[in-house]
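Now for the letters of each chain:
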Amino acid sequence: IQKKEYRPLTEATSITYLQKLGYFTNQVCESVEIGDGNLNLVFKVRPVDQEQGLIIKQALPYAKVVGESWPLTLKRATIESNATKIYNELIPNLVPKIFAHDEEQAVTVMEDLSHLQILRKGLIEKKSFPFFAEHIGEFLANSLFFTSDFGTTPAKKKELELTFNNPELCDITEDLVYTDPFFNSETNSFEEELLEDVQALWNDEVLQLEAAKLKLDFLSKKEALLHGDLHTGSIFASATETKVIDPEFAFVGPIGFDLGQIQANLLFQIFSRTDQKEEILDQLVTIEKVFNETFIRLWEEHSVRPFNQVELIKEKLEGYWIDAIGVIGCECIRRSIGLAHVEDIDSLELDRKIAIKKEILAFGANCIKNRFTIGNIKNLISDWSNKS
Ligand code: ADP
Ligand code: MG
Ligand code: MG
Ligand code: MG
């Protein structure tokens, strides 16, 4: 078969693309580009007489946010498809099905989840997601345990590192999460009312050192296959279902990174809400509890080698949460003053936004500096509730 040169799809060609694969042949279809990201095209294609269709996600060779001048590898589409396939083996109920992947075109055809809502949007609308915390705890425990040295052989672990060799996207995270927000970088973006608070962070030598240690963890700890971008915009949910999408940043890294990113993005709701905070606080604690319990159970039932001391696994779990609290701190800071913000906070009216960002910056710095004494999510929350 002759390979076709890469071409971005359009709404029209996305329909013929699917029909050539044998989907919706002889049916009148409609295609809409529904992507809200800056890096990829997402088309929903459906026969005009049905609601449910198929999703085509195609990586663009550049980041849209700065025009075509920021090239970005197309390989991330294959990384995303491969990670979602692994998740389909481990936790099929918690991810979309993958129907086709085309490496040259950087295209993945997947299950249409538009009957669900992006979790960030739902949370901003104050909707309840009663199963979300349990589901994401299970997602984290299964995806991280079975790709860690507890749940996989050295040969397969090495294979994961090779399959998910993702240096370009790891570089983006390194810059945007661990480097740029901690100095006067041009990529930062924040309100001038925050300047004093921000300069205090930039001049805080202890903070600088601890953030550098966390960056080194991100670069050097090869604990498990991470999703790599697990914020509330990478999750579809309803009152009963949870589906994790968008693992294009997947790589083998520190377990605390995925744990911390999702927790931080829930915390933004606690900071920005005036009521119903208890519900989110419960979710934070439930995620930690379900993750720990499930991870231990998986280790008891599926460990690839006979580690027989439960103390060992408990000590490891404590370490993952200490790392996670550091990641929460970095995520708090970068989502307030870095390049990529979050709607939970950005949509607030200016005075409140400034006040809340000041709180989040102080909270984040405290997480980074005192993560060892804070230790876990339960303590983090009770400390925070006592202070406020
Ligand atoms: P990006 O990597 O560009 O952020 P995402 O995978 O997060 O792309 O998808 C961007 C948007 O496209 C999502 O927020 C969602 O609205 C829509 N989308 C993505 N995947 C699906 C899907 N499987 N079903 C329905 N909508 C989807
Ligand atoms: Mg997006
Ligand atoms: Mg996304
Ligand atoms: Mg993405």
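For clarity, every value in this text was computed on a predicted model and none was experimentally measured. (Residues numbered from 1 in each chain as written. Chains lettered and ligands numbered in written order. Predicted model: local features only at pLDDT ≥ 70, side-chain atom pairs only at ≥ 80, totals over all residues.)

Caption draft 1: Main features of the overall build of the protein chain. A count of helical and extended segments in the protein chain gives 15 helices and eleven strands. The C-alpha atoms of the protein chain give 21 Å as radius of gyration, which agrees with the globular expectation for 388 residues (21 Å, within 12%). Each principal axis of the C-alpha distribution contributes one length, and for the protein chain these read about 65 × 55 × 35 Å. When each of the 388 residues of the protein chain is scored for burial, the buried share is 42%. Across the protein chain, every contact between residues at least 6 apart in sequence was considered, and the portion connecting residues at least 24 apart equals 72%. (Helix = DSSP H or I, 4+ residues; strand = E, 2+ residues; numbered from the N terminus. Rg over C-alpha atoms; globule rule 2.2 N^0.38 Å. Buried ≥ 20, exposed ≤ 12 C-beta atoms within 10 Å, placed from the backbone. Contact = placed C-beta atoms within 7 Å.)

Caption draft 2: The arrangement of the environment of leucine 350 in detail. By the secondary structure assignment, leucine 350 is in helix H13 (residues 350-369). Sequence spacing of leucine 350 and leucine 94 is 256 residues, and the spatial spacing of their C-alpha atoms is 37 Å.

Caption draft 3: Broad picture of the sheet that holds strand S2 (residues 40-47). Reading across from one edge, S1-S2-S3-S6-S5 is the order of the five strands in this open sheet, with antiparallel pairing throughout. Two strands close off the open sheet at either side, each with one partner strand: strand S1 (29-33) and strand S5 (98-102). Across the sheet, the mean angle from the axis of one strand to that of its neighbour is 20 degrees, orientation sign disregarded. (Pairing = 2+ DSSP bridges. Axes fitted to C-alpha atoms, helices over the stretch in contact; angles between N-to-C directions.)

Caption draft 4: Quick peek at helix H6 (residues 167-179). Of the residues making up H6, those classed as buried are Leu169, Ile172, Thr173, Val177 and Tyr178. Where H6 is buried, its residues contact helix H2 (75-90), helix H8 (205-220) and helix H11 (310-337).

Caption draft 5: Layout of the confidence of the model for the protein chain. In the predicted model, the protein chain carries a mean pLDDT of 95, and 97% of its residues have values of at least 70. The complex prediction reports pTM at 0.97, with the ipTM value standing at 0.97. (pLDDT = per-residue confidence, 0-100.)

Caption draft 6: Focus on helix H1 (residues 11-20). Listed in full, the buried residues belonging to H1 are Ser14, Ile15, Tyr17 and Leu18. Looking straight down H1, one finds its buried side chains confined to an arc of 160 degrees; they lie on one side. Exposed positions of H1 whose direction lies more than 90 degrees from the buried face are Ala12 and Lys20. Where the residues of H1 are buried, they touch S1, S2, strand S3 (54-59) and strand S6 (107-111). After H1 finishes, the residue glycine 22 shows a positive phi value of roughly 100 degrees. (Arc of directions from axis to C-beta.)

Caption draft 7: Looking closely at the domain arrangement of the protein chain. As far as domains go, the protein chain holds domain 1 (1-112) and domain 2 (113-387). Here the C-alpha centre of domain 2 lies 27 Å away from the C-alpha centre of domain 1. With 18 residues of domain 1 in contact, the opposing surface of domain 2 contributes 22 residues. The biggest single contributor to the side of domain 1 that touches domain 2 is H2, with nine residues. (Domains from an automatic or database assignment.)

Caption draft 8: Here's a closer look at the environment of lysine 75. In this fold, lysine 75 is placed in helix H2. C-alpha of lysine 75 to C-alpha of glutamine 105: the two residues are 30 residues apart in sequence and 10.0 Å apart in space.

Caption draft 9: Expanded view of the UniProt feature "domain: Aminoglycoside phosphotransferase" (unreviewed entry) in the protein chain. Those places that UniProt annotates as "domain: Aminoglycoside phosphotransferase" (unreviewed entry) correspond, in this numbering, to residues 94-265. Helix makes up 45% of residues 94-265 and strand 14%, with an end-to-end C-alpha separation of 19 Å. (UniProt positions renumbered as here; feature names shortened; annotations may be inferred.)

Caption draft 10: Inspection of the environment of alanine 224 at higher detail. Of note, alanine 224 is situated in strand S8 (residues 224-226). C-beta crowding within 10 Å serves as the criterion here: with 25 such atoms nearby, alanine 224 is assigned to the buried category. Here the alpha-carbon distance between alanine 224 and aspartate 149, two residues 75 residues apart in the chain, equals 7.6 Å.

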